[in-house]
Amino acid sequence: MASALDSALTQFHAAADRLALGDSQRDLLTAFKTVFQTEFPVEMDDGGFRVFQGYRVLHNGARGPTKGGIRYSPDVSLDEVKALAMWMTWKCAVVGIPFGGAKGGVVVDPKSISAAELQNLTRRFTAEITPIIGPDQDIPAPDMGTNAQIMAWMMDTYSMGRGYTIPSVVTGKPIAVGGSEGRYEATGRGILYVLDEHLRDSGGVRGKSVAVHGFGNVGGVAARLLHQAGARVQYICDKDTGIYHPEGVDASSAFAFIEAGHVLADWDGVGQRIAPSEVLEAPVDVLVPASMEHVVTEANAERVRAPLIIEGANGPLTPEADEIMRRRNIPVIPDVLANAGGVTVSYFEWVQARQYLHWREEQVNEELRRLMVAAYHAVWSRCLGESGCSMREAAQWIGVERVLEATTLRGIFP
Ligand code: GLU
């Protein structure tokens, strides 16, 4: 199967064709500003050492400091990190926040090591990337396999190296050390806001049946918020277990159970147990693929029965699956718009940290809604008048145009 980087480049060149970009512009926009790769030792609980592989890739900084999460996963690769960094560039441009794109990763299953080892690994990796991160330079955040505690360790390690506390070097921190209200729920909340706006003419999300694939910080929170907003969340799943209930699964209670450190297989709530793959093929009003890249491919895209898809994960549809949805007239609200709520509230957190201010949760959510709804309309109206235009293309055009505009205004140094 093609890699995530192949998908990111295919999407980019499709937009570049439509925008009639020349070769040098394409080279410029697909170039990676910094590709950092490290093999670093970590002291393990048995007193020995293990060497881990880590990456931090800064894609494009034309619009501001680079921004993006750090992923801890046994499967993460340099190509995947590059794809995710590039998607962050377009995402920040689409929602209009003053950041470029970056991403990081460490090849590790965080569940396979102890809390002390996780802390050692995080601190050593932070020390390794310290030369290239910084509040004006590159600002990490959580992603798959990382969380607020890991961000607190990163912030502390970076700060200790400088000799004073620098809360704006990472986002997604716990509130007690400079995190923002609403950041934890922001990606899921952004999905809710965009979906509600898209469905406004038919009454919003209330009463709509939904299937959510993935039950982590994105899928779990989205399912809970959709459930609370009156949607019927008929299908949910984590890695190993799917659950179906025709009246809607109690996603709030299921997610509280997961947050307490359990898996869906052990949840005793009402619902029929099904295979996670069935969630993608559920006959619902809206499908939310919110687990990881490339879960909808040419192998299963024909079997998707939802008439609308909103991407919670980064890159859950391959370009081939995208093409099949276009042929089948199934609109896809793309990742760079749909899941931009996380990085948007990261931006608010960064602003607050720099000003030593703390916003109320209502203020955070109100600003989040404003930016997400504006981005949605920018994408939607960009499509009007373009025959056969998908929202992914429109979002990609907007992202690419804005980055190119910044590059052109700044010129190339020297
Ligand atoms: N990891 C999230 C994403 O993929 C958030 C990034 C951030 O907050 O910087 O958008």
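Look above for the structure.
Residues numbered from 1 in each chain as written. Predicted model: local features only at pLDDT ≥ 70, side-chain atom pairs only at ≥ 80, totals over all residues. Heavy atoms only, no water.

Undergrad: Sorry, what's going on with helix 3 (residues 78-95) here?
TA: Taking 1.5 Å per residue, 18 residues should reach 26 Å; helix 3 reaches 26 Å between its end C-alpha atoms and fits that length. Among the 18 residues of helix 3, 16 are classified as buried, and the element is accordingly described as predominantly covered. (Helix = DSSP H or I, 4+ residues; strand = E, 2+ residues; numbered from the N terminus. Expected span 1.5 Å × (residues − 1). Buried < 20%, exposed > 50% of the residue type's maximum accessible area, 1.4 Å probe, protein only.)

Undergrad: What is the right way to read the site of the ligand from this model?
TA: Near the ligand, the surroundings consist of 14 residues, among which Lys67, Lys91, Lys103, Asp143 and Ser346 are the closest. Residue Lys91 places a side-chain N or O atom 2.7 Å away from an oxygen atom belonging to the ligand. Measuring from a nitrogen atom of the ligand, one finds a side-chain N or O atom of Asp143 at 2.8 Å. Contact with the protein chains covers 94% of the free accessible surface of the ligand, which is 290 Å². Residue assignment for the shell around the ligand shows that the elements contributing at least two residues are strand 3 (66-73), helix 3, strand 5 (138-142) and helix 12 (341-355). When grouped by side-chain class, the residues that make up the shell around the ligand number four nonpolar, five polar and five charged. (Near = heavy atom within 4 Å. Polar contact = N/O pair within 3.5 Å; in protein donor to acceptor, adjacent residues only side chain to side chain. Areas by Shrake-Rupley, 256 points an atom, 1.4 Å probe, with all protein chains shown as cover. Nonpolar A, V, L, I, M, F, W, Y, C, P; charged D, E, K, R; others polar.)

Undergrad: I would appreciate a short explanation of the environment of Met88 in the present structure.
TA: Its location among the elements puts Met88 in helix 3. Residue class for Met88 comes out buried when judged on its relative accessible area of 4%. Once the C-alpha coordinates of Met88 and Asn60 are considered, the two residues, 28 residues apart in sequence, prove to be 9.2 Å apart.

Undergrad: Where do I start with the sheet that holds strand 5 in this structure?
TA: Two pairing modes exist for strands in a sheet, parallel and antiparallel, and in both the strands are linked by backbone hydrogen bonds. Spatially, five strands are ordered 1-2-4-3-5 in an open sheet, and the strand pairing comes out mixed. Only two strands of the sheet have a single partner each, and these edge strands are strand 1 (34-43) and strand 5. The sheet shows a mean angle of 25 degrees between the axes of neighbouring strands, taken without regard to direction. Along the sheet, helix 4 (residues 115-129) makes contact with strand 1, strand 2 (49-60), strand 3 and strand 4 (100-107), crossing strand 1 at roughly 140 degrees. (Pairing = 2+ DSSP bridges. Axes fitted to C-alpha atoms, helices over the stretch in contact; angles between N-to-C directions. Contact = heavy atoms within 4.5 Å.)

Undergrad: Looking at this structure, I do not really get the pattern of salt bridges. What am I missing?
TA: Oppositely charged side chains can pair when the atoms bearing their charge come close. Applying the stated criterion across every chain, the model contains 26 salt bridges. Across the salt bridge formed by Glu281 and Arg303, the nearest N and O atoms sit 3.1 Å from each other. Taken together, the residues Glu281 in the loop between helix 9 (276-280) and strand 10 (286-289) and Arg303 in the loop between strand 10 and strand 11 (309-310) connect sequence positions 22 residues apart. The exposure class of Arg303 is partly exposed, given its relative accessible area of 44%. A single network of salt bridges, built from pairs that share partners, joins Arg71, Glu80, Lys103, Asp143 and Glu293. (Salt bridge = Lys/Arg side-chain N within 4 Å of Asp/Glu carboxyl O.)

Undergrad: Which parts of the structure should I look at to understand the state of the cysteines?
TA: Note on terminology: disulfide describes a covalent bond linking the sulfur atoms of two cysteines. Across all of its chains, the model carries one disulfide by this definition. Between the sulfur of Cys383 and that of Cys389 lies a disulfide, 2.1 Å long from S to S. With the S-S bond torsion at -85 degrees, the cross-link from Cys383 to Cys389 turns out left-handed. Assigned by exposure class, Cys383 and Cys389 land together as buried. (Disulfide = S-S within 2.5 Å.)

Undergrad: Hey, could you run me through the side chain of Ser7 in this one?
TA: Along the chain, Ser7 turns up in helix 1 (residues 4-18). For Ser7, the contacting residues outside a window of four places in its chain are Trp87, His294, Thr318 and Pro319.

Undergrad: Would you mind showing me how to read unusual backbone geometry here?
TA: Residues apart from glycine generally show negative phi values, whereas peptide bonds are mostly found in trans. Omega for the peptide link from Phe413 to Pro414 comes to 5 degrees, which places this bond in the cis form. In this fold, Pro414 is placed in the segment after helix 14 (391-410). The phi torsion at Ala20 lies on the positive side, around 50 degrees, for a residue other than glycine. Within the secondary structure, Ala20 is located in the loop between helix 1 and helix 2 (23-30).

Undergrad: Even after reading the chapter, I still don't get the side chain of His294, so can you show me in this structure?
TA: By the secondary structure assignment, His294 is in the loop between strand 10 and strand 11. Using a relative accessible area of 12% as the deciding quantity, one classes His294 as buried. Here Ser7 takes part through its side chain, which lies 2.8 Å from a polar atom of the side chain of His294. In this view, His294 contacts Met1, Ala2, Ser3, Ala4, Ser7, Gly315, Pro316, Leu317 and Thr318; residues no more than four positions away in its chain are not counted.

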